[in-house]
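# Close look at the chain arrangement
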Amino acid sequence: MEINEELSYYITIDQLFILAPINIIKENDLLNFSFDLNYLKNLSENKNIKLNELKEYNSFKEAIINENIFSFFRYNDNQAYLIIIDKRSSHLLNSKSFIRYTFSGLLENYEIGQLIYSTKNSFYNKQEKVDLSYIQLDVNEAYLFKLSDLPSNYIDSLHWWKKGPIYQIIPSSFQDSNDDGFGDLNGLKQRLDYIQQLGMKTIWLTPIYKTPFRDLGYDISDFCSIDPRFGNFDDFKSLINDIHSRQMRLILDFVPNHCSAEHQWFQAALKNDPHYVDYFVWHPGKNHDSSIPPTNWIGYAGQSMWTWSPERQQWYLHQFMDSQPDLNFRNENVCQEIENIMKFWLDLGVDGFRVDASRHLFENDQFNDEPLKENTNNDPQVEYEAYNHTETANHPDNYKMVVRWRRFIDEYIRENKRDYIILITETQDKNIDANIPYYGLNRWSRGNDMAINFFIAYFLGEKPEDRTGDILAKYTELWLSNLPSEAWSTWILSSHDSKRVGTKLASSHMIDGFYMLFLLLPGTPITYYGEEIGMENLQFTKEMRNEIVDLSAFNYGLHDESKIEKHIRDGERTPMQWSSTKQNSGFTNASKPYLPLSKSWKTINVENQLKDSRSHLKLFKQLIKLRENPPFCGGKYKLVLANKQIYSFIRWSNQSISIPIHLIIINMIGASRNDQENESIKIDFIQLLKCKQNNAQGKVIARSSNIKHDSLLSNEGNQVDLNNICLHSSESVVLELMLTIDHIGLCSS
């Protein structure tokens, strides 16, 4: 039975307390309210109290209990309720006294709460559905929520970032509208139909702020501006209005760690302006010797992290290029400036931020040297990878700062009645323990909503012989097994700092399998523009130095010119390939784009792949549409098989037997070597899945574009026996199992 929801909507805190066992109340010292145990006992025995019937949900589980909150679940096999009670004294009530709590992952797959009862001072409305990862509780508020799973209760205003994939765009490389060879906001707007038809729900833009553009715009000279290369504020407003009219979202790259040396703050600091000097990190030199840098720290851009300032007669810190001085977050004025910048863009309607270089916000202010890695092959004079960054990465205060920003955004949402605004962090750290704390300190001090997960990209960076299914599983399972139950994952294949997947793989046929992997694993996929057509890197050489935009690459060649080619990132940043027939592939009508096109543009482009009967692009769009449905958004996952040849996993939901069960199978041969030998492998998935039916079958839902036409897997809708699945090199397939979950032993083990 369900509780009687026709009764009065408002309740009192003491009425909710009767739903908790008396011994739990006593153990948690909850008798500081205006009632005692005898009072609660009398309430509990009173047949007229509206909530007593909920006691028939005889299972009880504590949720979050601390000095501010008492919360618990009452449930049975069919339904669950969450009861939340704020314990704080009423004198603490003010405009910012609310606390955000995350209850998702505490009980089964419940992600949604529908408000049934509340105290009269409730922030929420009756019957309102809320995300259990984002519940605001103010002083003396109390709620009773009826719980449900996410897949069939998707709420656009809250969960848009969980259900919809994110499309990363470098605006300068996407579409030029004014024939200057440089992509811009109006060009992007012209391509919104394509992005929408692709199935993307959110667009992430790399920096569009005023910049000298020495580092793709990550060197910002004015955070509250738009660089004229990209357009102006009218163009931006027109773009974001068009995006929102399509029920899509826009997030911006946010770069708080540093600014450009041309920024007015740094220019004022160079002139010893007392207000701005401490906006940056200065040091007199090692042992106060001005001729020696303070530490041995080597930055990301192939330089010492320290540069001498003749104006101030001190060294200044920069974890990236010397033209990008680090901001000093130990100065509260800097913290306030950054929050003002966030508010500026939120007021313009942006839907979130991707925080660049999150791991670099704070350094150890004792200024100790960093140790070299053992047996490193990297050059300690210029290469960041030569060191263990014990002093300059993932400082504990980094995590606290992300929590502060999340709190700032939560307050903004509450004050402005905005849809959910996301905060994504980027760390690029192979140490899983360094990534996870960015999600937050606990369930009431939240940090990011998602951390960009590079672990598939790390796998693709392995030596070819190590790009096997079992090694891939070590990366994916390491991430998923360490992710807190309340956290949400992301997956990427490549980015503006990481070679394109089409270049990393030994066979281009393998791309489709990696689409299935990162689009159908649990979490939100982040697609780098052009990935959907399998774009490849342009191989830059030092002889092309006049065409190189990534200036940091030259820092690596000061001692060895061969290192320039290794560190050039322009290869993955080349213009989008739209057409095989138009000038510059349809990117620009200028005589020359700001970066040269990849040499494959005449064969790999949107125009060709839309015409082909089978293509990377068509499969990509098909998979995006598939993942909009359960069980891919919020459902369950389990690895089925991971060996040298095969990586396979299953997705399902316990919410309803009507939700299909999907088996994804990827032949990994083409990840490590050319697949011309066309090896095949047969697998008995009835045994692997521990099926209770010996004649179990699966229906082909999607298949890679290279599957042979005479294969049983070649046509969607075909039903195949699960005990004899045959895949050739680099082939991959998605099957809908013709079974219910109770017939698959693996899913219950």
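Located above this text is the structure these notes cover.
A short tour of the structure in this document, coming up.

Conventions and cut-offs
- Think of each chain on its own: its residues are numbered from 1, step by step along the sequence as written.
- Whole-chain, interface and lining totals are the exception, using all residues; otherwise, since this is a predicted model, local features are given only for residues with pLDDT of at least 70 and side-chain atom pairs are given and counted only at 80 or more.
- No hydrogens and no water enter the side-chain calculation; it runs on all heavy atoms of the structure.
- Between any two strands, at least two bridges found by DSSP are needed for them to pair.
- Only runs of H or I of at least four residues qualify as helices and only runs of E of at least two qualify as strands under DSSP, and these elements are numbered from the N terminus.
- For helices, the fitted line uses only the C-alpha atoms of the stretch in contact; every axis is such a line through C-alpha atoms, and the angle between N-to-C directions lies from 0 to 180 degrees.
- The criterion used for residue contact is that any of the two residues' heavy atoms lie within 4.5 Å.
- For the purposes of these results, a polar contact is taken to be a pair of N or O atoms within 3.5 Å, where, inside protein, one atom must be able to donate a hydrogen and its partner to accept one; residues adjacent in sequence count only when each atom of the pair is a side-chain atom.
- The labels follow the angle: roughly parallel below 35 degrees, roughly antiparallel above 145, roughly perpendicular from 65 to 115, and oblique for the rest.
- The sense of a crossing depends on the near helix, which, turned anticlockwise from the far helix by less than a right angle, makes the crossing left-handed and, turned clockwise, makes it right-handed.
- When residues are grouped by polarity, Ala, Val, Leu, Ile, Met, Phe, Trp, Tyr, Cys and Pro land in nonpolar, Asp, Glu, Lys and Arg in charged, and all others, Gly among them, in polar.

A sheet is described by the order of its strands in space; here six strands give the open sequence 22-23-24-29-26-27, paired in antiparallel fashion. Two strands bound the open sheet, and with one partner strand each, they are strand 22 (636-642) and strand 27 (719-721). Within this sheet the neighbouring strands show an average axis-to-axis angle of 30°, counted without direction. Across five bridges, the pairing between strand 26 (residues 697-703) and strand 29 (residues 732-737) is antiparallel. Within strand 29, the position partnered with Lys-699 by the bridge is Glu-736. This element, helix 18 (residues 616-627), spans strand 24 (662-667), strand 26 and strand 29 of the sheet and lies at about 125° to strand 26.

Turning to its location among the elements, Glu-426 is positioned in the loop between strand 16 (422-425) and helix 11 (432-435). A distance of 3.4 Å separates the side chain of Glu-426 from the side chain of Arg-354, its partner in a polar contact. Once you skip the residues sitting within four places of it in the chain, Glu-426 turns out to touch Arg-354, Val-355, Asp-356, Ala-357, Ser-358, Arg-359, Ile-452 and Phe-454.

This brings us to the packing of helix 15 (residues 511-520) against helix 18. Between helix 15 and helix 18, the least distance of the axes is 10 Å, while the angle of their chain directions is 20°. In this view, helix 15 runs roughly parallel relative to helix 18, as classed from their interaxial angle. Judged by the sense of rotation from one axis to the other, the crossing of helix 15 with helix 18 is right-handed. Residues Ile-511, Asp-512, Tyr-515, Met-516, Phe-518, Leu-519 and Leu-520 of helix 15 form the contact with helix 18, whose own contacting residues are His-616, Leu-619, Phe-620, Leu-623, Ile-624, Leu-626 and Arg-627. For the contact of helix 15 with helix 18, the class distribution of residues is eleven nonpolar, one polar and two charged.

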